[in-house]
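Letter by letter, the chains look like this.
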Amino acid sequence: MTQGLAVSCFVRAFVLTGNELFLKIAHEASKPLMIETKHGGVAYVDEDGIWLEEVLSNPPSHILNGFIYAITGLFDLFCISEDTLVEKILKEGIFTLRKNTGKYDSGNWSIYQLNPALLAPLNYHMLHVQQLSFLYKVTGENIFKEYAVRFNTYMKSQKNYLMSRIHGNMLYLNALFKMQGIYAFPYVIKRTTDIAANKVLD
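Parameters and conventions
- Residues numbered from 1 in each chain as written.
- Predicted model: local features only at pLDDT ≥ 70, side-chain atom pairs only at ≥ 80, totals over all residues.
- Heavy atoms only, no water.
- Helix = DSSP H or I, 4+ residues; strand = E, 2+ residues; numbered from the N terminus.
- Buried < 20%, exposed > 50% of the residue type's maximum accessible area, 1.4 Å probe, protein only.
- Contact = heavy atoms within 4.5 Å.
- Areas by Shrake-Rupley, 256 points an atom, 1.4 Å probe, with all protein chains shown as cover.
- Core = buried A, V, L, I, M, F, W, Y, C linked by side-chain atoms within 4.5 Å.

S.K.: Any chance you could explain the overall build of the protein chain here in plain terms?
M.R.: When you go through the protein chain residue by residue, the secondary structure sums to eight helices and four strands. Counting the 202 residues in the protein chain, one finds 40% classified as buried. By sequence separation, contacts in the protein chain at least 24 residues apart represent 54% of the contacts at least 6 residues apart. Per element, the accessible surface of the protein chain, about 11,000 Å² overall, is 60% carbon and sulfur.

S.K.: Sorry if this is basic, but what is going on with the nonpolar core here?
M.R.: Note that soluble globular proteins tend to have their nonpolar side chains buried in a common cluster. By size, the foremost hydrophobic cluster in this structure holds 40 residues, and its most contacted members are Leu 52, Ile 71, Leu 97 and Leu 132. Sort the elements by how many residues they give to this core and helix α3 (residues 64–81) lands first, with seven residues. Not counting residues up to four positions away in its chain, the partners in contact with Leu 132 are Ile 68, Thr 101, Phe 144, Tyr 147, Ala 148 and Phe 151.

S.K.: Looking at this model, I keep getting lost on the environment of Glu 47. Mind explaining?
M.R.: Of note, Glu 47 is situated in the loop between β1 (43–46) and β2 (49–52). Put simply, Glu 47 and Thr 96 are 49 residues apart on the chain and 9.6 Å apart in space, counted from C-alpha to C-alpha.

S.K.: Help me understand the environment of Ile 143 in this model?
M.R.: Along the chain, Ile 143 falls in helix α6 (residues 142–154). Owing to a relative accessible area of 24%, Ile 143 belongs among the partly exposed residues under this scheme. Between the C-alpha atom of Ile 143 and that of Lys 99, which follows or precedes it by 44 residues, the distance is 9.2 Å.

Here it is in C-alpha cells:
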C-alpha cells in the first residue's frame, strides 16, 4: 500500500512541476511492487496470479485495500511512462484481483483480508466501494462495478451497518491492548461498556 501511494504521490508531483526527479523517484518506489516477496519485494505469486501485499505474512494476508492502492500506483505510473514492465505487473495484478474479487464478499459485508478472513470495519468497507468503483472506471471490467454496487447496498442494512461499527471498535480495542498491555485496561473496559450500550460506534 505504502509503495503504491508513494508512486502516485511522486507521479502527481512530476505532473504538477515537470521535474524529472519526481518521475525517477516514482519509478524507484515502484520497484518493490515488481519483486517477489521471497526476494525482498511485495509481490506474491501463486496459482491465482500475482498479489501485491500490503504486509508480509505467512500465509499471505491478501489485504484488499492495500492491493488496490498498489495497482493504482502502477496505473498512475504507466499513464505517464508507458513502461512495459509496469504495464505487465499492472495487468497481472488486475487479472488476479478480477479473478478473486468474489472472495472478498462475505454475503453481507466486504472482507478486509483473506488470511485469516476478517470483516472490514466500516471505513474500510466504504473505501472498498470507492476503490472498486475506480477500478471499473479505468479498466471497464464489470465485475468491479458489480461488487462496488453490492458492497454499497450492504451498507443500507441497519444490521450490517451496526455490526461493522462494533467489529471495527473491537479490532481497535484489540490493537490497543496489544500495544499498551495492562495500562489499556481502564480504557478498554469503558470502551467495551459503551459499545455494549451502543453509545460508541465511531
